[in-house]
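Here's the letter readout for the chains.
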Amino acid sequence: MALALRSLSDFKRFLSEPGATIQVVRNTFIDRQPASFADAYRAKGMYEPRTIRAVSKKAAIFSIQGHPTTIWLYWDKGTRKWRFNDDTVTIPLDTGLGPPDEIVYRCSYAPGMDPAAHSSVRRAKPRTPKPPDALKPASPKPPPGLKAGRSGTVPGPSKPSASNSLSVPVMPPRGQGRLL
């Protein structure tokens, strides 16, 4: 899979993936030093691939293959001057010891860890759109005792039952009623 890093967000996203690896392509500060200094730098494995160990909000910790050393890469300050181009990240160094320097890292995945190579990753099947009729809401059924009318639902007559008959109470004749 070809990497296309365009921002710090892309770089952090890449580092959070399993098998993320960076390797120093160029370090202008080391290139300017005497040969003995560059040899010592190489002996410590500083040009070896660095595999991600942990990522925090402000830094990443890398392991160097074959060495007990860990390397920290901080991005809390000065990241506005970082440059991203495809699979490389260029980080300016402010050493205060001469001309401006920079480190160029090439980003890749450890062998066998490339996400594009994994066919076991399940992808969601695309959903087929439903026909337009299925998208319309079903007409609501009125509750019992209501019937549909032009402007919605209106109360309808209730069915008479034995205990609920439509009878008019009969008043007893005058003088024969009970007082409560």
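Residues numbered from 1 in each chain as written. Predicted model: local features only at pLDDT ≥ 70, side-chain atom pairs only at ≥ 80, totals over all residues. Heavy atoms only, no water.

### Comments concerning the pairing of strand β3 (residues 59–64)
Residues in a regular strand point their side chains to alternate faces of the sheet. The element β3 is largely enclosed, with a buried count of 6 among its 6 residues. A two-sided burial pattern is seen for β3, the buried positions comprising Ala59, Ile61 and Ser63 on one face and Ala60, Phe62 and Ile64 on the other. With 5 bridges joining them, strand β2 (residues 50–55) and β3 adopt antiparallel strand pairing. Pairing of threonine 51 across the sheet is with serine 63, part of β3. In textbook terms, the turn of a hairpin is the stretch between consecutive antiparallel strands, and for β2 and β3 this stretch comprises 3 residues. (Buried < 20%, exposed > 50% of the residue type's maximum accessible area, 1.4 Å probe, protein only. Helix = DSSP H or I, 4+ residues; strand = E, 2+ residues; numbered from the N terminus. Pairing = 2+ DSSP bridges.)

### Looking at helix α1 (residues 8–15)
Regarding α1, the residues found buried are Leu8, Asp10, Phe11, Phe14 and Leu15. Burial along α1 is one-sided: seen end-on, the buried residues are contained in an arc of 160°. (Arc of directions from axis to C-beta.)

### Some thoughts on the environment of serine 63
Its location among the elements puts serine 63 in strand β3. Sequence-wise, serine 63 and glutamate 48 are 15 residues apart; in three dimensions their C-alpha atoms are separated by 9.8 Å. Among all residues touching serine 63, those that are not within four sequence positions of it are Pro49, Arg50, Thr51, Arg53 and Thr69. A polar atom in the side chain of serine 63 sits 3.4 Å from the side chain of arginine 53. (Contact = heavy atoms within 4.5 Å. Polar contact = N/O pair within 3.5 Å; in protein donor to acceptor, adjacent residues only side chain to side chain.)

### Points about the pattern of salt bridges
Going through the model one piece at a time under the given rule, you end up with 6 salt bridges. Here glutamate 102 makes a salt bridge to arginine 26, at a shortest N to O gap of 2.4 Å. In this pair, glutamate 102 is assigned in strand β7 (residues 101–109) and arginine 26 in strand β1 (residues 20–27), connecting sequence segments 76 residues apart. Residue classification places glutamate 102 among the buried positions, given a relative accessible area of 17%. The class for arginine 26 is partly exposed, based on a relative accessible area of 37%. (Salt bridge = Lys/Arg side-chain N within 4 Å of Asp/Glu carboxyl O.)

### What to know about a positive patch on the surface
Residues Lys12, Lys57, Lys58 and Lys77 make up a contiguous surface patch of positive charge. Structurally, lysine 58 is set in the loop between β2 and β3. The class for lysine 58 is partly exposed, based on a relative accessible area of 49%. (Patch = residues over 30% accessible without salt bridge, like charges linked within 9 Å, V, L, I, M, F, W, Y side chains within 5 Å. Areas by Shrake-Rupley, 256 points an atom, 1.4 Å probe, with all protein chains shown as cover. Lys, Arg positive; Asp, Glu negative; His and termini not counted. Charge placed at Lys NZ, Arg CZ, Asp CG, Glu CD.)

### Description of the pairing of strand β6 (residues 88–93)
One ladder, built from 3 bridges, connects strand β5 (residues 83–85) with β6; its direction is antiparallel. Bridge pairing in β6 places asparagine 85 opposite threonine 88. The antiparallel hairpin formed by β5 and β6 contains 2 residues in its connecting segment, where aspartate 86 sits at a positive phi of about 55°.

### A short note on the sheet that holds β5
Spatially, β4-β3-β2-β1-β7-β6-β5 is the arrangement adopted by the 7 strands of the open sheet, whose pairing is antiparallel. On the outer flanks of this sheet lie β4 (70–74) and β5, each paired with one strand and no other. Adjacent strand axes in the sheet meet at a mean angle of 35° when their direction is disregarded. The pairing of β6 with β7 spans 6 bridges and is antiparallel. Considered in β7, the bridge of threonine 88 is made with arginine 106. Along the sheet, α1 makes contact with β1, β2, β3, β4, β5, β6 and β7, crossing β1 at roughly 125°. (Axes fitted to C-alpha atoms, helices over the stretch in contact; angles between N-to-C directions.)

### Quick look at the side chain of threonine 90
Note on placement: threonine 90 falls in strand β6. The buried category is assigned to threonine 90, whose relative accessible area is 9%.

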